[in-house]
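This is what each chain is made of:
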Amino acid sequence: MEAAFGIIAIFGMVGNGLVLFVIYKVPNLQKVTNILIGHQSVADFMASFTLLFRYSAINIYLAPLVPHHRFLATLICKLWLGGFVFWSCLRVSTANLVFLTLERYVAVIHPQTYRLRASKRVVVTVCVASWTLGILTVVYIPIVYNVLQSRDKVSCYARVHTVAGKFAIAFISFTSMIIVPLAIMLFSYISIICKLRSANRALLEDFETSAESVSLFSTRSVHLNAYGATIYTSCPPTSEEQERRMTEQTAQRDVLKTMFLVCIVYLVCWIPNQVLYFHHQVIRSHDWSKAGHQFVILLAVTNVCINPLIYALKYRSFQIGLKQVFS
């Protein structure tokens, strides 16, 4: 497991670091959506870093610290060994993914509002909100973890003995990681699909109308010009305008497909883990050293390194930026 964690962490750091480098180097990528994607990579990079040095590479022993530095040992236990930093980064990544989904929802469903309100100041506010929500959903970790000293060893241990306490932790985890993100993703993408279908129908109607009107407008313009008229009739949408609208819709669909795939991968990675954890906390304790349970853990943490691969394979704007940086 330590070796697997190390491999996943290294891939996560390299991949997310590459995403951040490309967004930084290519000015055309520094738009609202891509800045939020960059922030997603920041959270995943930090989660990968913590995964490497907390669960794979370095072991911190509290026993030498307890006699003379009890406060430091307690702080390390609550913030690092208990997983507060690692889980904070994961929850921030989840919160940011939810905000990315909402950003796409507003861009498609309320385009006028999006054009007026989308700015770097709003992006900063969203990033701060992601960190605030992410940390708040794991604030129980420093509370339940403490240094436990016995005759022969010192350990960092979570003490939750009541059924109500275990249920509360499981409920917070499952709700913040699965229920809320899934509900928002379903609502947003169903609304977006309906909107895009109606937009496609409207665009096709415009094409048909303009095709039927071209001969009429052309004839009328020639007739007026033959008499030296100075007033000209209006024309149907030009081919340039139609091409621009199609280009915008293609780019919009590209972003939507990418973010939809990111959401699907997130759910596939995390639902088995959170269902099993909820069952472990509320119904019956599990042996997490079993092969099936370890696979579920690895599937969940793999999410920190898989998004850069999705961007490289599916996100055309990122592909173009990648070529610009390394060509």
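Residues numbered from 1 in each chain as written. Predicted model: local features only at pLDDT ≥ 70, side-chain atom pairs only at ≥ 80, totals over all residues. Heavy atoms only, no water.

### Looking at the UniProt feature "transmembrane region" (unreviewed entry) in the protein chain
Thinking step 1. Under the UniProt annotation, "transmembrane region" (unreviewed entry) lies at residues 6–24, 45–67, 79–102, 122–148, 168–192, 255–273 and 293–313.
Thinking step 2. Annotated as residues 168–192, this span is 100% helix and 0% strand, and its ends, taken at the C-alpha atoms, are 34 Å apart.
Thinking step 3. The distance separating the terminal C-alpha atoms of residues 293–313 is 30 Å; by composition the span is 95% helix and 0% strand. (UniProt positions renumbered as here; feature names shortened; annotations may be inferred. Helix = DSSP H or I, 4+ residues; strand = E, 2+ residues; numbered from the N terminus.)

### A word on the nonpolar core
Thinking step 1. Judged by nonpolar contacts, the single largest core of 54 residues is most densely connected at I37, M259 and W270.
Thinking step 2. At the level of elements, α1 (2–25), α2 (32–55), α4 (84–109), α6 (120–136), α8 (163–226), α9 (239–282), α10 (291–301) and α11 (303–314) are the ones that each hand at least two residues to this core.
Thinking step 3. The greatest single-element share of this core, amounting to 10 residues, is contributed by α9.
Thinking step 4. Residues within four places of I37 in sequence aside, it is in contact with V19, I23, L100, M259, Y311 and Y315. (Core = buried A, V, L, I, M, F, W, Y, C linked by side-chain atoms within 4.5 Å. Buried < 20%, exposed > 50% of the residue type's maximum accessible area, 1.4 Å probe, protein only. Contact = heavy atoms within 4.5 Å.)

### Some points on the environment of A199
Thinking step 1. Relative to the helices and strands, A199 is located in helix α8.
Thinking step 2. C-alpha of A199 to C-alpha of V108: the two residues are 91 residues apart in sequence and 10.0 Å apart in space.

### A word on the packing of α11 against helix α12 (residues 316–326)
Thinking step 1. α12 packs onto α11 with a crossing angle of 90° between their chain directions and a minimal axis gap of 6 Å. Classed by the angle they form, the pair α11 and α12 counts as roughly perpendicular. Each of Y311, A312, L313 and K314 in α11 lies in contact with α12, whose residues at this interface are R316, F318 and Q319. (Axes fitted to C-alpha atoms, helices over the stretch in contact; angles between N-to-C directions. Parallel < 35°, antiparallel > 145°, perpendicular 65-115°, else oblique.)

### Structural notes on the environment of A9
Thinking step 1. Its place among the elements puts A9 in helix α1.
Thinking step 2. Each residue touching A9, except ones within four places of it in the same chain, is listed here: S48, L51 and L52.

### A closer look at α6
Thinking step 1. Taking 1.5 Å as the rise per residue, α6 with 17 residues should run 24 Å; its terminal C-alpha atoms sit 24 Å apart, in good agreement.
Thinking step 2. Where α6 is concerned, the buried positions are V123, V126, C127, S130 and G134. Angular distribution of buried residues about the axis of α6 spans 100°; they occupy a single face of the element. Every exposed residue of α6 that faces more than 90 degrees away from the buried side is listed here: R121, V124, T125 and L136. (Expected span 1.5 Å × (residues − 1). Arc of directions from axis to C-beta.)

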